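Next come the chains, spelled out residue by residue.
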Amino acid sequence: MTVSTTKLTGEVVRPGDPGYEAARIGWNRLYSRYPEAIVFCNDPQDVVNAVEWARREGIAMRARSGRHSIDGWSSIDGGLVIDVSRMKSVEIDETARTAKVGTGLIQKEAVAALGERGFVMPTGSEGGVGLGGVMPGGGFGLLTRSLGLACDNLLAAEIVVADGPRSAKVIEATERSNADLLWAWRGGGGGNFGIATSYTLKLHELSEVQLMIANWAGHGDLGTVLRTWQRDAPVADERLSSALEADSTHFELTALMHGGSREELEDELSSLLAIGKPELTFMQGFWPDLYANADRAPDLPFWKFYSHFVTQPFPGEAIDLVLHYMANTPTPPSNFMCSSFGGAVRHEPPGGSAFAHRDALFYCEPGAAWDDPALNSKALGWAVDFWRALRPFSGGAYVSVPNAPAADWERDYYGSNRDRLRQVKAKYDPENVFSFEQSIPPAAG
């Protein structure tokens, strides 16, 4: 099939063009897609034109921002990839303490831009992930228990939606206009309802933070630390968020107190720091400066993660499973990560949200990482087996870290919000124009 670009605007890259290979590749090289065309959009009209062109040509499309779709669902063989990564505008209203930002910003760009003006917002922990995908998923990290999820700080979104049988249009989703779509965008998953072109965010004043990293060699103390952390972290001072991460050789506790002192931070963590002999590192400063160096994930081509939200403390059986799998990792950087919930996450923003896991104690994620394709089978098998072993102890899953093999994925991601999300889908995308492997189906008419 020959692609006509007469109705496409922005930069269009097609097979055979010099930049096609670089344009089609995502962050996770485990998945390799060959789109019929990739259009890099510069403004909302480019996005409208792309959606209309795909609809008129009868070609499937996918939206892409930071290329971090874990299962490669932001691209598609033979389809159109609508890339918004160049839409990086930042407009700050200091009086209102809001910012309107382009959906193409990655998290470290957003944190840096806001920090220059004296503001912060909660984001996810990986700096290279795009806001386009973070916001509709939820977004959590080391400011979450203090300031809420990223999507809780979403005040409005500019979204390109399907319109009629072959067209598209830009609409605003706010608490007063298309409020049901704003509700759905706060945790209902990316790619389901349309393509966001900008977000209006609630900002918080920048203040100094205390950051501590405790490093334990080996796994000898991992079970005790995990047992203590899952008891204490969800009910700690709300200014404190923490994450626990283990690989094949060691494990770390990373803890951040927003607006507190080092003494307060150490006091909150005293029960954990008394276990074994961790090596401690303390840092003090402004979050944007620390965040710039916080993403220490190895630069590897192949990844596979699975997700769990945990609503009841892990019993001894589950902790033994974690220890077993971490003693038998397929590669040294394969890991197990937990992130604390509670605090501000318990409270929905005005207008509510589709994020269904506010009662979680913590989030956890087994993940395989490797650089040799010969290890694909071993690494993928370890990751899926680890996920399945923990499923009996899980209270749900994170839509941004999809569990592709799950038959009941809608319930896992959305819980009791599933039916309402289907109704929103039927209202804004009744023809299921925006669809992918685990997209929300529209409610029956």
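The text that follows walks through the structure, step by step, so that each part is easy to find. Since the model is a prediction, treat every value here as computed from it, not as a measurement. (Residues numbered from 1 in each chain as written. Predicted model: local features only at pLDDT ≥ 70, side-chain atom pairs only at ≥ 80, totals over all residues. Heavy atoms only, no water.)

### A look at the packing of helix 11 (residues 316–326) against helix 12 (residues 376–390)
And then number 1: As a packed pair, helix 11 and helix 12 sit with axes 10 Å apart at the nearest point and diverge in direction by 170°. On the basis of their axis angle, the class for helix 11 and helix 12 is roughly antiparallel. Contacts between helix 11 and helix 12 involve Ala318, Leu321, Val322, Tyr325 and Met326 from the former and Trp382, Asp385, Phe386, Ala389 and Leu390 from the latter.
And then number 2: Residue composition of the contact of helix 11 with helix 12, grouped by class: nine nonpolar, no polar and one charged. (Axes fitted to C-alpha atoms, helices over the stretch in contact; angles between N-to-C directions. Helix = DSSP H or I, 4+ residues; strand = E, 2+ residues; numbered from the N terminus. Parallel < 35°, antiparallel > 145°, perpendicular 65-115°, else oblique. Contact = heavy atoms within 4.5 Å. Nonpolar A, V, L, I, M, F, W, Y, C, P; charged D, E, K, R; others polar.)

### Things to note about the pairing of strand 10 (residues 195–202)
And then number 1: Along strand 10, six of the eight residues are buried, which leaves the element largely enclosed by surrounding structure.
And then number 2: The pairing of strand 6 (residues 98–102) with strand 10 spans five bridges and is classified as antiparallel. Residue Lys100 lies in a different strand from strand 10, and its bridge partner there is Thr200.
And then number 3: One ladder, built from six bridges, connects strand 8 (residues 154–163) with strand 10; its direction is antiparallel. (Buried < 20%, exposed > 50% of the residue type's maximum accessible area, 1.4 Å probe, protein only. Pairing = 2+ DSSP bridges.)

### Focus: the pattern of salt bridges
And then number 1: Under the definition given, this model contains 26 salt bridges.
And then number 2: In this structure, Glu21 and Arg24 form a salt bridge, with 2.8 Å as the shortest nitrogen-oxygen distance. With Glu21 and Arg24 both in helix 1 (residues 20–24) and three residues apart, this pair spans about one turn of that helix.
And then number 3: We classify Glu21 as partly exposed; its relative accessible area is 43%.
And then number 4: Across the pair Arg56 and Glu52 runs a salt bridge, and its minimum N-O distance is 3.9 Å. Within this pair, Arg56 and its partner Glu52 are both found in helix 2 (residues 44–57), separated by four residues, close to a single helical turn.
And then number 5: The exposure class assigned to Arg56 is partly exposed, which follows from its relative accessible area of 38%. (Salt bridge = Lys/Arg side-chain N within 4 Å of Asp/Glu carboxyl O.)

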